[in-house]
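For reference, the chains in residue letters:
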Amino acid sequence: ALATLDPEVVASRYAKDAVLLPTVSDVPRDTNEKITDYFVNFCQLQPQGEILESFVQIGTNWCKDSGIYEFTMGATGKKVKARYSFVYVYE
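So, here is what we can say about the structure in this document.

About the criteria used
Residues numbered from 1 in each chain as written. Predicted model: local features only at pLDDT ≥ 70, side-chain atom pairs only at ≥ 80, totals over all residues. Heavy atoms only, no water. Helix = DSSP H or I, 4+ residues; strand = E, 2+ residues; numbered from the N terminus. Buried < 20%, exposed > 50% of the residue type's maximum accessible area, 1.4 Å probe, protein only. Contact = heavy atoms within 4.5 Å. Areas by Shrake-Rupley, 256 points an atom, 1.4 Å probe, with all protein chains shown as cover. Lys, Arg positive; Asp, Glu negative; His and termini not counted. Charge placed at Lys NZ, Arg CZ, Asp CG, Glu CD. Expected span 1.5 Å × (residues − 1). Arc of directions from axis to C-beta. 1 Å grid on protein atoms, 1.4 Å probe; cavity = no way out; pocket = protein on both sides within 12 Å on 5 of 7 lines; lining within 4 Å. Points joined across faces, edges and corners; volume = space filled by probe spheres on them. Nonpolar A, V, L, I, M, F, W, Y, C, P; charged D, E, K, R; others polar.

The helix and strand inventory of the protein stands at 2 helices and 3 strands. Going from the N terminus to the C terminus, the protein shows its helices and strands as α-α-β-β-β. Referenced to the eigenvectors of the C-alpha coordinate spread, the extents of the protein come out at roughly 40 × 30 × 25 Å. Looking at the protein residue by residue over its 91 residues, the buried ones come to 27%. Put simply, of all contacts in the protein between residues at least 6 apart along the chain, 38% involve residues at least 24 apart. Working note: accessible area of the protein is about 6400 Å², and carbon and sulfur atoms make up 51% of it. Distance between charge centres in the protein, computed from 9 positive and 12 negative side chains, equals 5 Å.

Let's shift gears to helix α2 (residues 32-44). Residues spaced three or four apart along an α-helix point in a common direction, a consequence of the helix completing one turn every 3.6 residues. Between its terminal C-alpha atoms α2 stretches 18 Å, which fits the 18 Å expected from 13 residues at 1.5 Å a residue. Three or more residues of α2 are buried, namely Ile35, Thr36, Tyr38, Phe39, Phe42 and Cys43. Buried positions in α2, seen along its axis, are confined to an arc of 160° and lie on one side of it. Opposite the buried face of α2, at more than 90 degrees from it, the exposed residues are Glu33 and Gln44. Residues of α2 that are buried in the fold lie against α1 (7-11), β1 (47-59) and β2 (62-73). Phi turns positive one or two residues past the end of α2, at Gln46, with a value near 55°.

What follows concerns unusual backbone geometry. The backbone of Leu5 sits at a positive phi, close to 60°, despite the residue not being glycine. With respect to the helices and strands, Leu5 occurs in the segment before α1. Relative accessible area serves as the criterion here: at 35%, Leu5 is assigned to the partly exposed category. A positive phi is found at Gln46, a non-glycine position, where the angle reads about 55°. Note that Gln46 resides in the loop between α2 and β1.

This next bit is on the layout of surface pockets. Gaps left between atoms are located by rolling a probe of water-molecule size over the structure's atoms. Its boundaries defined by the atoms lining it, the largest pocket holds a volume of some 1200 Å³. In this structure, the largest pocket is lined by 31 residues; those nearest its centre are Tyr14, Leu20, Ser85, Phe86 and Tyr88. For the lining of the largest pocket, the secondary structure elements donating two or more residues are α2, β1, β2 and β3 (79-89). Ranked by residue count, the leading element in the lining of the largest pocket is β3, at 7 residues. Broken down by class, the residue content of the lining of the largest pocket amounts to 22 nonpolar, 4 polar and 5 charged.

Structure representation (structure tokens):
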């Protein structure tokens with residue numbers, strides 16, 4: 001979804017009760033509107049992501065992927081390395 005650079009497409013991938021702890025912001029986002037707002041700004045940087053390390057755990061109706069990724073911002077050339085945790089749930 002991030003490759004579309006469309007904030008609404010990206011935000012639509014989040015669960016209804018998701019909490020986003022953004023990579024390049026220190027403001028937690030706990031509603032779809034706040035998540036979309038974050039991606040409006042983030043997508044303007046034209047991020048290209050690469051997962052460097054990934055650790056996956058699978059359970060009943062959920063999956064967790066945690067690790068390290070790096071974004072190269074196409075708009076600036078700046079690189080941002082960060083840790084991530086994604087929890088996927090069946091809705």
